[in-house]
Amino acid sequence: MLERPRRNRRSESLRKMLQETQLSQRQLVLPLFVKEGDKLREEIPAIPGSYRLSIDEALREAEKAAESGILGIALFPVVPNEKKDARASESKNPKGIAPDSIRAIKKRFPELVLFADVAMDPYSSDGHDGLVHEGRVVNDPTLPILCEQALCLAQAGVDFVAPSDMMDGRIEAIRSHLDSQGFSETGILSYTAKYASSLYGPFRQALDSAPRFGDKKTYQMNPANRIEALREARLDIQEGADILMVKPALSYLDIISDLHHHCDVPIAAYQVSGEFAMIHAAARMGWIDLDRALQESLLSIRRAGAQIIFTYAALSVKAN
Ligand code: PBG
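We now turn to the structure provided with this report. Model, not experiment: these values are computed from the prediction. (Residues numbered from 1 in each chain as written. Predicted model: local features only at pLDDT ≥ 70, side-chain atom pairs only at ≥ 80, totals over all residues. Heavy atoms only, no water.)

## Section: the packing of aromatic side chains
Remark: the centre distance and the inter-plane angle together describe each pair of aromatic rings, the angle taken between the planes.
Thought 1: The tally for this structure, following the rule as stated, stands at 12 aromatic pairs.
Thought 2: Summarising the aromatic geometry, the rings of Phe-33 and Tyr-312 are spaced 6.1 Å apart at their centres and angled 5° between planes, so their arrangement reads as stacked. With Phe-33 in strand E1 (residues 28-35) and Tyr-312 in the segment after strand E12 (308-311), this residue pair connects regions lying 279 residues apart in the sequence.
Thought 3: Using a relative accessible area of 5% as the deciding quantity, one classes Tyr-312 as buried.
Thought 4: Every member of this aromatic cluster is reached through a ring pair, and the members are Phe-33, Phe-76, Phe-115, Phe-160, Tyr-191, Phe-203, Tyr-270, Phe-276, Phe-310 and Tyr-312.
Thought 5: Lying across the ring of Tyr-200, Lys-194 places its NZ or CZ 5.6 Å from the centre. (Phe/Tyr/Trp six-rings, centres within 6.5 Å; stacked < 30°, edge-to-face > 60°. Helix = DSSP H or I, 4+ residues; strand = E, 2+ residues; numbered from the N terminus. Buried < 20%, exposed > 50% of the residue type's maximum accessible area, 1.4 Å probe, protein only. Lys NZ or Arg CZ within 6 Å of the ring centre and 35° of its normal.)

Structure follows, in structure tokens:
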């Protein structure tokens, strides 16, 4: 035998030296759920280790993140039902929970990179990402609403707005609006290939944001499609996106790899709530080892080509 691949796996040191992909805290973004209130820390059973936090408590999580070498936080507002309406009006309130949290975290931890979603669903009485008209989610009338929300987040000091709505043309609309209002420095992380997945359940429970009728298949992508992700990526780059995201992550490693090879902007991936919940559930049953399974899943997402990973495991996973 002339070739013996096992020779390169003989010792721990050698294996470490030859490791092709590294997982480091610096590539992880911690999602935080923020809610109005004081000293609030409500457990989210299906996302172990995550809580609905009032701003004071969110600051404590941000501190933990900063101490452990995490560089980014993504904020998700929990909005009470009485503040939801068909036009997601609360999403442009400059004193809303999202802008308030951004200002508070930026003030204490200016070095943290903050991301905030742009979409109507947490604020919408219909639970959809776009405006509903006669039972359908309509594209173009949604765009000005997203633009106002993005501006409100930019004014609060967010580093990246992250449109997660999958409306056509939203990146260009938001980019132009932000530029025209003097926010050309605010970045756009686009949820480029966001699939109509079964894996968002725990997140929608946490926010009480599940669609009140129908599903999201007329705007989120069909899980069967791969080429279409390249089309979405091409459009988002043309429209001015700074970072592209694939979501979910583990079942879509081929998409992450495609975008990594075809695009000249950084690729992010979102290890979504259902992916995280599956790993935790199996670990709780004693069927898999939690730490090793989390590490392996994140490492594989990195290996596929993601530069950044949004993950609920950001604080608990060991770098490798
Ligand atoms: C909202 C949004 C969702 C997630 C992130 N932003 C849910 C959805 O599209 O219904 C899911 C994240 C997760 O499951 O962890 N547009």
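## Some words on the site of the ligand
Thought 1: Residues in contact with the ligand amount to 17 residues; listed here are only the nearest, Lys-194, Arg-204, Lys-247, Ser-273 and Tyr-312.
Thought 2: Between the ligand and Ser-273 there is a distance of 2.7 Å, counted from an oxygen atom to a side-chain nitrogen or oxygen.
Thought 3: The protein chains hide 100% of the 400 Å² of surface that the ligand would expose on its own.
Thought 4: When the residues that make up the shell around the ligand are grouped by side-chain class, the tally is 7 nonpolar, 3 polar and 7 charged. (Near = heavy atom within 4 Å. Polar contact = N/O pair within 3.5 Å; in protein donor to acceptor, adjacent residues only side chain to side chain. Areas by Shrake-Rupley, 256 points an atom, 1.4 Å probe, with all protein chains shown as cover. Nonpolar A, V, L, I, M, F, W, Y, C, P; charged D, E, K, R; others polar.)

## Quick word on the side chain of Asp-258
Thought 1: With respect to the secondary-structure elements, Asp-258 resides in helix H8 (residues 253-262).
Thought 2: For Asp-258, a relative accessible area of 14% gives the class buried.
Thought 3: With near-sequence residues (within four places) excluded, Asp-258 lies in contact with Arg-226 and Leu-230. (Contact = heavy atoms within 4.5 Å.)

## Focus: a nonpolar patch on the surface
Thought 1: Taken together, the side chains of Met-285, Trp-287 and Ile-288 present a nonpolar region at the surface, about 370 Å² in accessible area.
Thought 2: Residue position: Trp-287 is located in the loop between helix H9 (273-284) and helix H10 (290-304).
Thought 3: We classify Trp-287 as exposed; its relative accessible area is 64%. (Patch = residues over 30% accessible without salt bridge, like charges linked within 9 Å, V, L, I, M, F, W, Y side chains within 5 Å. Salt bridge = Lys/Arg side-chain N within 4 Å of Asp/Glu carboxyl O.)

## What to know about the side chain of Lys-247
Thought 1: With respect to the helices, strands and loops of the structure, Lys-247 is situated in strand E10 (residues 243-247).
Thought 2: Asp-117 provides the closest opposite charge to the buried, unpaired Lys-247, separated from it by 5.5 Å.
Thought 3: Not counting the four nearest positions on each side in its chain, Lys-247 is found in contact with Tyr-191, Ala-193, Lys-194, Tyr-195, Tyr-200, Tyr-270 and Val-272. (Lys, Arg positive; Asp, Glu negative; His and termini not counted.)

## Quick word on the nonpolar core
The nonpolar side chains of a soluble globular protein tend to be buried with one another.
Thought 1: Judged by nonpolar contacts, the single largest core of 100 residues is most densely connected at Phe-33 and Leu-189.
Thought 2: For this core, the element with the most residues is helix H4 (residues 143-156), which contributes 9 residues.
Thought 3: In contact with Leu-189, not counting residues within four places along its chain, are Phe-115, Phe-160, Val-161, Ala-162, Pro-163, Ile-243, Met-245, Ala-268 and Phe-310. (Core = buried A, V, L, I, M, F, W, Y, C linked by side-chain atoms within 4.5 Å.)

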